[in-house]
Amino acid sequence: MGNLVFEGCDTVELAKKYGTPLYVISEDYIVDRCREIREDFLDKYEKTMAVYASKAFLIKEMARIIKREGLGMDVVSGGELYTAIQVDFPMDKIVFHGNNKSLYEIEMAIKNDVGRIVVDNITELDLIERTASKYNKISSVLFRITPGVDAHTHKYIQTGQVDSKFGIPLNEDIINIAVKKAINLDHVKLLGFHFHIGSQLYENRGYILAIRKIAYLMKQLKEQLGFITKELNTGGGYGIQYSGDESRKPIKYFTDAIMSELENECKKSGFERPLVIIEPGRWIVGEAGITLYTIGSIKEIPGVRTYVGVDGGMPDNPRPSLYEAKYEGIIANKVGEKLINTVTIAGKCCESGDILIQDLKVPKIESGDVLAVFSTGAYNYSMASNYNRLPKPAVVMVSQGEYRLMVKRETYEDIMRNEL
Ligand SMILES: *Cc1c(COP(=O)(O)O)cnc(C)c1O
């Protein structure tokens, strides 16, 4: 019996010290994942690059850790790029994404010499050419291709199917026109292609199918236009453990499959393998985070269910209401006690859909207990809102028994800061 200890830190003490809800992020876990990527992918294969998909979780300290661990970073907005700039992140290791980049964002990317811009559509290509010309630069780009692979995941996080808002469809005519256009531009250097088939994938099959399709495209483009693909960015999407059903696979399960498929295809067609980029987000940081809440109301509806109210919910973790994401949790101050009840954890927002966990097994609980929800490192803090004017929680980083406050809890004044 006792308190939940996370990377050597007592979570109940953290909850007391900083208040709840509270995001607690393990630096050690992130560092371990980065090391695994270096050992089993970057050091194992030549001509490779790993970029962290920063949308999963980004604060300046995270960007510093990623920089120190030798990975690159993918950004999808001016705000994410701004964060990278603030910590002197090496700009040649930045990959800039987005299906509707503004002129302002494109200017920002080009002025700061980001390593690669991933072009989502032809409109954007013109914008990049004009902007690069204005600043007298040459912009390296990849085309985002939707390979027409249906990934086995929730439809809101599928991105590789033909009917997608992202990317250029894998249609020979469309792509030939786009490539022809790009290779004739003076301020754009087309390096190759990018695909991202979806998120929270547990199988490598989708990547293999996508590579086959792209390899065929590479071959066609070489024969028809003499275009040599120098880089292939295979996106992210590696699944992690949220509940008991599925567990995180080692990075090599995905990357070995990607590399061997691509090497085979290249050998068959007689061309040199392009540089390969991977973009894991959730896989690096998802399981690194937990969220602590304080339990308030407990309402038993006899014969139906017991609702247990916590002091956060969809503003700090929108994923259950957004895509029916499943989470596991534990009563942090009653670890080891016998689980005798099944309850539903409800958030405090005025939405019936604001349910964090259905049917969680718990010991005897009472108001004031601390609930820890696991695997909240990715797409929680980064997706947090002020719905119902709840202040965003603080972020504490833990490592080897030490903790440090990285982001202060918002105040009501913070919420109103920009009101005139
Ligand atoms: C979201 C995203 C990723 C990362 O997805 P994860 O599921 O967090 O690994 C990588 N690349 C692109 C283009 C993305 O949009």
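Only a predicted model underlies this, so the values are computations on that prediction, with no experimental measurement involved.

**Q** Kindly report on the overall build of the protein, identifying the contributing residues and their values.
**A** Each helix and strand in the protein was counted, giving 12 helices and 20 strands. The principal-axis extents of the C-alpha atoms in the protein amount to approximately 70 × 50 × 40 Å. With 420 residues in all, the protein has 56% of them scored as buried. Taking contacts inside the protein between residues at least 6 apart in sequence as the whole, the part at least 24 apart equals 70%. As displayed, the protein offers around 18600 Å² of accessible surface, 48% of which is attributable to carbon and sulfur atoms. Computed over 53 positive and 57 negative side-chain charges, the separation of the two mean positions in the protein equals 2 Å.

**Q** With reference to specific residues and values, describe the pairing of strand S4 (residues 48-53).
**A** Where burial is concerned, most of S4 is hidden: 6 out of the 6 residues are buried. Every second residue of S4 is oriented toward a common face, with Thr48, Ala50 and Tyr52 on one face and Met49, Val51 and Ala53 on the other, all of them buried. Bridge count between S4 and strand S12 (residues 275-278): 3 bridges; the pairing is parallel. For Thr48, the partnering residue across the bridge sits in S12 and is Val276. Examined bridge by bridge, S4 and strand S5 (residues 72-75) share 3 bridges and lie parallel to one another. Within S5, the position partnered with Ala53 by the bridge is Asp74. One crossover worth recording links S4 to the parallel S5 by way of helix H3 (residues 60-68), and it is right-handed.

**Q** So what about the site of the ligand? Which residues, and what values?
**A** What surrounds the ligand is a group of 15 residues, the closest being Lys55, Ser199, Glu279, Arg282 and Tyr379. Contacts to the ligand include Arg282, whose backbone N or O atom sits 2.8 Å from an oxygen atom. The separation between an oxygen atom of the ligand and a polar side-chain atom of Tyr379 is 2.6 Å. Protein coverage of the free-state accessible area of the ligand, which is 390 Å², stands at 94%. Across the shell around the ligand, the residue classes break down as 3 nonpolar, 7 polar and 5 charged.

**Q** Talk me through the domain arrangement of the protein; I want residue IDs and the actual numbers.
**A** Here the domain parsing of the protein yields domain 1 (5-24 + 287-407) and domain 2 (27-285). On a C-alpha basis, the centres of domain 1 and domain 2 stand 33 Å from each other. Every contact between the two is made by 25 residues of domain 1 and, on the other side, 23 residues of domain 2. When domain 1 packs against domain 2, close to 2300 Å² is buried across both sides, 56% of that on carbon and sulfur atoms.

**Q** Run through helix H2 (residues 27-42), naming residues and quoting values.
**A** Here H2 is 16 residues long and its end C-alpha atoms lie 21 Å apart, about the 22 Å a rise of 1.5 Å per residue gives. Listed in full, the buried residues belonging to H2 are Glu27, Asp28, Tyr29, Ile30, Val31, Arg33, Cys34, Glu36, Ile37, Phe41 and Leu42. Capping the start of H2 is the job of one residue whose side-chain oxygen sits 3.3 Å from the backbone nitrogen of Asp28: Ser26.

**Q** Summarise the packing of aromatic side chains; cite the residues concerned and give the values.
**A** Under the criterion given, the structure shown has 11 aromatic pairs. A centroid spacing of 6.1 Å and a plane angle of 80° characterise the contact between Phe193 and Phe227, whose relative ring orientation is edge-to-face. Of the two residues, Phe193 sits in strand S10 (residues 188-194) while Phe227 sits in the loop between helix H8 (205-225) and strand S11 (231-233), which places them 34 residues apart along the sequence. Using a relative accessible area of 6% as the deciding quantity, one classes Phe227 as buried. Centre to centre, the rings of Tyr253 and Phe254 are 5.0 Å apart; their planes meet at 80°, and the pair counts as edge-to-face. According to the relative accessible area criterion, Tyr253 is partly exposed, its value standing at 25%. The lysine or arginine in question, Arg33, covers the ring of Trp283, its NZ or CZ lying 5.4 Å from the ring centre.

Conventions and cut-offs
Residues numbered from 1 in each chain as written. Predicted model: local features only at pLDDT ≥ 70, side-chain atom pairs only at ≥ 80, totals over all residues. Heavy atoms only, no water. Helix = DSSP H or I, 4+ residues; strand = E, 2+ residues; numbered from the N terminus. Buried < 20%, exposed > 50% of the residue type's maximum accessible area, 1.4 Å probe, protein only. Contact = heavy atoms within 4.5 Å. Areas by Shrake-Rupley, 256 points an atom, 1.4 Å probe, with all protein chains shown as cover. Lys, Arg positive; Asp, Glu negative; His and termini not counted. Charge placed at Lys NZ, Arg CZ, Asp CG, Glu CD. Pairing = 2+ DSSP bridges. Right-handed = clockwise from strand over helix to strand, strands pointing away. Near = heavy atom within 4 Å. Polar contact = N/O pair within 3.5 Å; in protein donor to acceptor, adjacent residues only side chain to side chain. Nonpolar A, V, L, I, M, F, W, Y, C, P; charged D, E, K, R; others polar. Domains from an automatic or database assignment. Buried area = accessible area lost by both parts, 1.4 Å probe. Expected span 1.5 Å × (residues − 1). Phe/Tyr/Trp six-rings, centres within 6.5 Å; stacked < 30°, edge-to-face > 60°. Lys NZ or Arg CZ within 6 Å of the ring centre and 35° of its normal.

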